[in-house]
Amino acid sequence: MKSHIGRLLLVLLLVATGCSVPWSGQNSAARLDSIGPAGEATVLPGDRVALRIWNEPEMSDTFTVAENGSVALPLVGMVPTDGKSVVQFQDTLRFAFAEYLRNPSVDITVLRRVGISGEVREPGIYMIDLTMTLPDLIARAGGLTEAGNPDRIILRRGVQEIRFRRSGGERFVSAQLRSGDQVEVGELSLFQQNPLAVMATAVPLASYVISLVVSALR
């Protein structure tokens, strides 16, 4: 009986002070290679390809890589990315345009469209280059607000949900982003934001609960 009462008091105290159990959940132990670097960045579906062909302004524009991994370009039509790196894909385009243009000078820039919400200063949709990682995106969004919790960061990629802690070391620092990713930064608990005010409320509450339990046992 006493052990049950002790547990009850502990739970009440934790709730009153805003404490919580360690943060875990679905896919919290996702494999690092599903979100981390895998060598040189490749061109993926959803990416935006900014194409520039010297002396051909009418063909220079920004194009989106389709879900099937191909991009529709002027003159050459559909060109598959085939998981190529930016440099490899640029060479592919150079060869493709060489069939129609004499010694084409082709340059591409690949950007990814990602969203960030929650406790950051400038939430929204960002176009980022392939070198930017999760910490870079948070910095781009102005950093965390005063209520932002660096240990409650969620990356949603399709049906996958991956949770991060800024204190997670290399796993957090090197986490790569893909087009369509949605990042959400959580909020600090009430206790973390204002521990003195919470304790000022929690201690009298805990004392009151203890007095009720003691009275009930008499």
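To be clear, the structure that these remarks concern was listed above.
The shown structure was predicted, so the numbers you read here are calculated from the model rather than taken from an experiment. (Residues numbered from 1 in each chain as written. Predicted model: local features only at pLDDT ≥ 70, side-chain atom pairs only at ≥ 80, totals over all residues. Heavy atoms only, no water.)

Here we take up the packing of aromatic side chains. The tally for this structure, following the rule as stated, stands at one aromatic pair. Pairing Phe 164 with Phe 172 gives two aromatic rings, centres 6.4 Å apart and planes at 65°, and the pair type is edge-to-face. Note on accessibility: Phe 164 and Phe 172 belong to one class, buried. Here the guanidinium or amino end of Arg 171 rests over the ring plane of Phe 164, the centre of that ring lying 4.8 Å away. (Phe/Tyr/Trp six-rings, centres within 6.5 Å; stacked < 30°, edge-to-face > 60°. Buried < 20%, exposed > 50% of the residue type's maximum accessible area, 1.4 Å probe, protein only. Lys NZ or Arg CZ within 6 Å of the ring centre and 35° of its normal.)

Side chains on a regular strand alternate between the two faces of the sheet. Direction of pairing for strand β1 (residues 48–53) relative to strand β2 (residues 61–64): antiparallel, over a ladder of four bridges. When the sheet's bridge partners are listed, Ala 50 is paired in β2 with Thr 62. Judged from the six bridges that link them, β1 and strand β5 (residues 106–118) form a sheet pairing that is antiparallel. Considered in β5, the bridge of Ile 53 is made with Val 106. (Pairing = 2+ DSSP bridges. Helix = DSSP H or I, 4+ residues; strand = E, 2+ residues; numbered from the N terminus.)

Moving on: the pattern of salt bridges. Counted according to the given criterion, the structure contains seven salt bridges. A salt bridge links Arg 112 to Asp 47, with the nearest nitrogen and oxygen atoms 3.1 Å apart. Remark: Asp 47 occurs in the loop between α1 (2–16) and β1 and Arg 112 occurs in strand β5; sequence separation between them is 65 residues. Among the salt bridges present, the one from Asp 82 reaches Lys 84, with a minimum N-O distance of 3.4 Å. (Salt bridge = Lys/Arg side-chain N within 4 Å of Asp/Glu carboxyl O.)

Let's shift gears to the nonpolar core. Among the nonpolar cores identified, the biggest contains 21 residues, and Leu 51, Leu 73, Leu 93, Phe 97 and Ile 108 are the most heavily contacted of them. Residue assignment for this core shows that the elements contributing at least two residues are β1, β3 (70–73), α2 (86–97) and β5. The dominant element in this core, judged by the number of residues it contributes, is α2, at five residues. With residues up to four places along the chain from it excluded, the contact list for Leu 51 reads Met 59, Ser 60, Asp 61, Phe 63, Leu 73, Leu 93, Phe 97, Val 106, Asp 107 and Ile 108. Within the second largest apolar cluster, 20 residues are counted, among which are Met 132, Leu 134, Ile 153 and Ala 175. (Core = buried A, V, L, I, M, F, W, Y, C linked by side-chain atoms within 4.5 Å. Contact = heavy atoms within 4.5 Å.)

Moving on, we get to the environment of Asp 91. Tracing the backbone through its elements, the reader meets Asp 91 in helix α2. Along the primary structure Asp 91 and Val 106 are separated by 15 residues, whereas in three dimensions their C-alpha atoms are 8.2 Å apart.

Such coordinate-based values are descriptive only and should not be taken to indicate function.
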